[in-house]
Amino acid sequence: PLVLADLGFGGMETERQVIERLITNGYRLPVIFVGVDRSSSAHEIAKENLFIFKDKIQFRSIDQLDDSILEDIKKINPGITVVACKNNIFSLDKTFRQDSFDLSYHSFFKHHLNEEQQQELDRILKLISKEVLEYDGIRSNISLIPQTKNGWDYPAFLNASIFSNLRFGRTEELVLSSKSKNKEVYFFRQKGTYLLK
């Protein structure tokens, strides 16, 4: 089966959209989505978010996932399986062998880490994954305006969006980073985001 890992999965909104498309298109090959997030709340939200597929997927929430458990899941996987685990992201290279995942990705996660943690995340993902996708925000005063407007009535959201914007990388930094990693960066300026592939 194809094994995809989402680091800091939050509510598994990305997986929900992909699973919906796979089901709609009649995709029949086995796929395992591995979600890594230490937050119990994230696990509950993800389970609720994916509940609409309860008859079409298997959902497992476990504390710690490792290579041997993943291999067991691969053997019995009949279709789409979601495994939510609470592993420490910075120890994944100790519990998974090289290229355990066909694809690892994270969305609006990396900007929460300090520079040293970001570098460690890059190092680990390069080891355990065949491919890595990084999707996050671009620091921009222009995108801060609609974020502020949308969050104005919700102080917690407003606070989070403003501080997240201040932690996002600048376009120039992201271009340099992509060159140093020998990767391509795609900018979605209207949304204030980028994809590093």
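Structure: above.
Below or above, wherever it landed, is the structure these notes cover. Keep in mind that this is a model prediction, so the values were computed, not measured.

## A look at the overall build of the protein chain
The secondary structure content of the protein chain amounts to eight helices and eight strands. Residue pairs in contact within the protein chain that sit at least 24 positions apart in sequence constitute 71% of those at least 6 positions apart. Here the protein chain has roughly 11600 Å² of accessible surface; of this, 53% comes from carbon and sulfur atoms.

## Some points on the pattern of salt bridges
Applying the stated rule across the entire model yields 13 salt bridges. With a shortest N-O distance of 2.7 Å, arginine 16 and glutamate 13 are connected by a salt bridge. Taken together, the residues span about one helical turn, with arginine 16 and glutamate 13 both in helix α1 (residues 13-24) at a distance of three residues. Using a relative accessible area of 18% as the deciding quantity, one classes arginine 16 as buried. For glutamate 13, a relative accessible area of 34% gives the class partly exposed. The partner of aspartate 122 in a salt bridge is lysine 181, and the shortest N-O contact between them spans 2.8 Å. Highlighted residues: aspartate 122 in helix α5 (residues 115-128) and lysine 181 in the loop between α8 (171-180) and β7 (185-188), separated in sequence by 59 residues. Exposure remark for aspartate 122: the relative accessible area of 24% places this residue in the partly exposed category. Members of the salt-bridge network, linked through shared partners, are Asp67, Glu71, Lys74 and Arg97.

## So, a nonpolar patch on the surface
The grouping of Leu2, Tyr27 and Leu29 at the surface amounts to a nonpolar patch, some 270 Å² of accessible area in total. Tracing the chain through its elements places tyrosine 27 in the loop between α1 and β2 (31-36). A residue is classified by how much of its surface remains accessible, and tyrosine 27, at 35% relative accessible area, is partly exposed.

Criteria and thresholds
- Residue numbers here run from 1 along each chain, matching the order of that chain's written sequence.
- Local features in this predicted model are restricted to residues of pLDDT 70 or higher, and side-chain atom pairs are both shown and tallied only at a pLDDT of 80 or more, whereas totals for entire chains, interfaces and linings draw on every residue.
- Processing note: side-chain calculations cover all non-hydrogen atoms of the structure and skip hydrogens and water entirely.
- Put simply, DSSP H or I for four residues or longer makes a helix, DSSP E for two residues or longer makes a strand, and each gets a number counted from the N terminus.
- Contact between two residues is taken to exist if any of their heavy atoms lie within 4.5 Å; hydrogens are not considered.
- For the area figures, the Shrake-Rupley method with a 1.4 Å probe applies, and any residue is considered shielded solely by the protein chains shown.
- The working definition used for a salt bridge is a side-chain nitrogen of Lys or Arg within 4 Å of a carboxyl oxygen of Asp or Glu.
- Using a 1.4 Å probe on the protein chains alone, a residue whose accessible area is under 20% of its type maximum counts as buried, one over 50% counts as exposed, and one in between counts as partly exposed.
- Every patch collects residues that have over 30% relative accessible area and no salt bridge, joining them within 9 Å if they carry like charges and within 5 Å if they are nonpolar side chains (Val, Leu, Ile, Met, Phe, Trp, Tyr).

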